[in-house]
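A structural walkthrough
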Amino acid sequence: MENLDLLTRYGLFDAKVPRYTSYPPANHFQTDVGLQAQRGWLAAVPDGSEISVYIHIPFCRRLCWFCACRTQGTKTLDPVAGYITQLVKEIGTVAAALPGGVRMSRLHLGGGTPTILSPHLMKRLLAAVFGEFTPTADFEFSVEIDPTDAAPDLLAVLSDHGLNRASIGVQDFDPVVQGAIGRQQSFAQTRDVVHWLRDAGVPSLNLDLLYGLPHQTAVTFGETITRVLSLEPDRLAIYGYAHVPWMSKRQVMIRAADLPDPLMRLSLSEQARTRFEEMGFQSIGIDHFARPDDSLATADAAGVLRRNFQGYTDDASPTLIGFGASAISRFAQGYVQNAVATSAYHGRIEDTGFAGSKGFALTPRDRLIATMIEDLMCRFRIDLQRLHASFPDRWSQIETYIAGLMKRFPDVLERRCNVVTLRPEARMLVRIIAHDIDGFRADLVAHSVAV
Ligand SMILES: C[S@@+](CC[C@H](N)C(=O)[O-])C[C@H]1O[C@@H](n2cnc3c(N)ncnc32)[C@H](O)[C@@H]1O
Ligand code: SF4
């Protein structure tokens, strides 16, 4: 690879940097922003505006060793039923704190495994959501699906409530890789769920893949990619496996010696990119692909792609309300995260009906940095004219930041006509450049390598 020297020089293979699904990253949220901010910011959401809703289901029937998501294993539905009772309470309290006229443009169920719910529990949850929030005409309802735990009667409940996007976890189909990451999942199981969703008329399917897993080779990964493409997804997300066993304890089951080295990781990611582009997918940001007529691709082409906790999105709403343990809400004023542990979440909902426990109030300077980082992560460029228009009193600060960046990244950034662009062959460095703009330097242990 020609640009290897360049990527190495800027630390692609060593740097541990955030994924910037928010700025600041959630590990910088503080406990002095909590319930009081949550109540005030909910009340200040403009009446008549559109909001997005995220509901976190932190349970799984199986616990895959590679997984860094906030979730807990359960063999029975008893703790899940108790959790749904708390969620229903939280939805009622939060809805009452919002102005009456807000409408819901998006609903996303994530986890963990939302499809662990029984049809009865899912109906209870969705009755509470739709009872409190009126959907907009172009409402989108998406769910994360583990194909090994997605019963047809549960999928039917989702489809009856207007499910129009599903995100299906694949990771890798190779049996040796699956054995090493503690996740068995046959191609047939995955294909059956894809067919069921297509037959039910769910128009948009995303598949999640991981590179950098133990024992992955160009040959085995190539076979996984072929099988994934045969399922004809509308979108693909391909994430670099983050090996952080000091944070995600079950990853100690994965032997570091079996992991591909950084150069191999880069090569696997390039292999997937080439194959997806050859098949007509448009590359979106650092880790997503979409068919050109998909709304993510059209948002990208129109320059309005956004970043949120699920990665890339075309959701334009400034307000995202998160429900459930560890869920994060985003307001124009800042972020609020619910109590992280399920037990702490239960306690807070019992006490007040709210679960906000920490967060971050954005200053004008934070907003400026957040805008620059989102522009970089979504478009690999910083539009100075747009920045100057949005932050008219911060001209000199913007110019100081940009001058510093141009000095530190002279051969990967170009400035022309008030636009700073990251050269295409250096796009893998985008998280490293974002981190250079980011004012936070501590707690990097919480993050994964940049490739
Ligand atoms: C919250 S998980 C839900 C997936 C669903 N429960 C399933 O098993 O299919 C969403 C995605 O996060 C990604 N993910 C989980 N652990 C990761 C890690 N350590 N590094 C990178 N991505 C990870 C996986 O691609 C996974 O599909
Ligand atoms: S990958 Fe999915 S099923 Fe496996 S532990 Fe993570 S959230 Fe649970």
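Cut-offs applied
- As a convention, each chain's residues are numbered from 1 in the sequence order in which they are written.
- As they are written, the chains are lettered A onward and the ligands numbered 1 onward, keeping that order.
- The predicted nature of this model means local features are confined to residues of pLDDT at least 70 and side-chain atom pairs, given and counted, to a pLDDT of 80 or more, with totals for whole chains, interfaces and linings taken over all residues.
- Hydrogens are left out, water is left out, and the side-chain values use all remaining heavy atoms of the structure.
- Domains are outlined according to an automatic or database domain assignment.
- Residue contacts are defined here by distance: any two heavy atoms, one from each residue, within 4.5 Å place the two residues in contact.
- Note: buried area is the sum, over both parts, of the accessible area (probe 1.4 Å) each one loses when the two are combined.
- Salt bridges are counted wherever a side-chain nitrogen of Lys or Arg sits within 4 Å of a carboxyl oxygen of Asp or Glu.
- N or O atoms closer than or at 3.5 Å make up a polar contact, with two conditions inside protein: a donor-capable atom paired with an acceptor-capable one, and, for residues adjacent in sequence, both atoms drawn from side chains.
- Numbering of helices and strands runs from the N terminus, with a helix taken as a DSSP run of H or I at least four residues long and a strand as a DSSP run of E at least two residues long.
- Residues are grouped as follows: Ala, Val, Leu, Ile, Met, Phe, Trp, Tyr, Cys and Pro are nonpolar; Asp, Glu, Lys and Arg are charged; all remaining types, including Gly, are polar.
- We call a residue near a molecule or strand as soon as one heavy atom of that residue lies within 4 Å of the molecule or strand.
- Working definition: with a 1.4 Å probe on protein chains only, accessible area under 20% of the residue-type maximum means buried, over 50% means exposed, and in between means partly exposed.
- Expected span of a helix, by definition, is 1.5 Å for each gap between consecutive residues, and there is one gap fewer than residues.
- What the arc covers is the set of directions going from the helix axis to the C-beta atoms.
- Here, strands pair whenever DSSP counts at least two bridges between them.
- Structural elements are reduced to axes, namely lines fitted to C-alpha atoms, with helices fitted over the stretch in contact, and the angle between N-to-C directions of any two is expressed from 0 to 180 degrees.
- Oblique is the label for any angle not covered by the other classes, which are roughly parallel (under 35 degrees), roughly antiparallel (over 145) and roughly perpendicular (65 to 115).
- For any helix crossing, the convention is left-handed if the near helix is rotated counterclockwise from the far helix by under a right angle, and right-handed if that rotation is clockwise.

Section: the domain arrangement of the protein chain
What the domain assignment reports for the protein chain is domain 1 (21-360) and domain 2 (363-449). On a C-alpha basis, the centres of domain 1 and domain 2 stand 27 Å from each other. Taken residue by residue, the interface counts 25 residues in domain 1 and 23 residues in domain 2. By the criterion of area lost to domain 2, the three top residues of domain 1 are Y23, H28 and I286, representing 32% of everything that side buries. At the boundary of domain 1 with domain 2, the tally comes to 1 salt bridge. We note a salt bridge from R306 to E374, for which the minimum N-O separation is 2.9 Å. Counting the contacts that link domain 1 with domain 2 gives 6 residue pairs in polar contact (both at pLDDT 80 or more). Put simply, the parts of the chain that give the side of domain 1 that touches domain 2 at least two residues each are α9 (262-278) and β12 (306-308). Its residues assigned to classes, the side of domain 1 that touches domain 2 comprises 14 nonpolar, 6 polar and 5 charged.

Some thoughts on the site of ligand 1
Inspection of the region around ligand 1 gives 20 residues, with G111, Q171, R183, D208 and A242 positioned closest. Contact distances for ligand 1 include 3.4 Å between an oxygen atom and a backbone N or O atom of I145. Within the side chain of Q171, an N or O atom sits 2.8 Å from an oxygen atom of ligand 1. At the level of secondary structure, the elements contributing two or more residues to the shell around ligand 1 comprise β6 (134-145), β7 (165-171), β8 (204-211) and β9 (235-240). Residue composition of the shell around ligand 1, grouped by class: 9 nonpolar, 7 polar and 4 charged.

Section: unusual backbone geometry
For the bond from Y23 to P24, the omega torsion is 0 degrees, close enough to zero to count as cis. Following G111, the chain continues into G112 via a peptide bond in cis, with omega recorded as 15 degrees. Looking at the element boundaries, G112 is found in the loop between β5 (103-111) and α4 (119-132). In the Ramachandran plot, E232 falls in the positive-phi region, its phi being about 50 degrees despite a non-glycine side chain. Judged by relative accessible area, E232 falls into the exposed class, the value being 54%.

What about α9?
Because an α-helix completes one turn every 3.6 residues, residues spaced three or four positions apart along the sequence face the same direction. Over its 17 residues, α9 extends 24 Å from the first C-alpha to the last, a length consistent with the 24 Å expected when each residue adds 1.5 Å. Considered for burial, the residues of α9 that qualify are R265, L266, L268, S269, A272, R273 and F276. Seen from one end, α9 has its buried residues packed into an arc of 160 degrees, which puts them on one side. Just downstream of α9, G280 is the residue with a positive phi angle, here 95 degrees.

Digging into the sheet that holds strand β18 (residues 381-383)
Strands pair in a sheet through their backbones, by hydrogen bonds, and they do so in one of two ways: parallel or antiparallel. Pairing in this open sheet of 3 strands is antiparallel, and the strands run β18-β20-β19 from one edge to the other. The sheet terminates laterally at β18 and β19 (413-416), the two strands that pair on one side only. Mean inter-strand twist for the sheet, computed between neighbouring axes without regard to direction, equals 15 degrees. Bridge count between β18 and strand β20 (residues 419-422): 3 bridges; the pairing is antiparallel. By the bridge assignment for β20, I382 is matched with V420. On top of the sheet, helix α14 (residues 395-408) reaches β18, β19 and β20; it is set at about 135 degrees to β19, its chief contact.

As for the site of ligand 2
If you check the shell around ligand 2, you find C60, R62, L63, C64, F66, C67, G112, T113, D146 and R183 and nothing else. Broken down by class, the residue content of the shell around ligand 2 amounts to 5 nonpolar, 2 polar and 3 charged.

Examining the environment of M372
Residue placement: M372 occurs in helix α12 (residues 364-379). In this view, M372 contacts I382, L387, Y401, I402 and I437; residues no more than four positions away in its chain are not counted.

Digging into the pattern of salt bridges
Applying the stated criterion across every chain yields a total of 23 salt bridges. A salt bridge links R255 to D258; its shortest N-O distance comes to 3.0 Å. Exposure remark for D258: the relative accessible area of 19% places this residue in the buried category.

Considerations on the packing of α4 against helix α5 (residues 152-160)
Packing of α4 against α5 leaves a shortest axis separation of 9 Å and a crossing angle of 15 degrees. Taken as axis vectors, α4 and α5 run roughly parallel relative to one another. The chirality of how α4 crosses α5 is right-handed. Residue-level contacts link P119, M122, K123 and L126 of α4 to D153, L154, V157 and L158 of α5. Classifying every residue of the contact of α4 with α5 by side-chain character gives 6 nonpolar, no polar and 2 charged.

Focus on the side chain of N308
Residue placement: N308 occurs in strand β12. According to the relative accessible area criterion, N308 is buried, its value standing at 9%. In this structure N308 touches T21, T313 and R330, once residues within four positions along its chain are discounted.

Details of the packing of helix α3 (residues 78-97) against α4
Two elements in contact, α3 and α4, have axes separated by 10 Å at closest approach and are oriented at 5 degrees. Classified by the angle between their axes, α3 and α4 sit roughly parallel to one another. Across from V80, A81, I84, T85, L87, V88, I91, G92 and A95 in α3, the residues of α4 making contact are L121, R124, L125, A128, V129 and E132. Classifying every residue of the contact of α3 with α4 by side-chain character gives 11 nonpolar, 2 polar and 2 charged.

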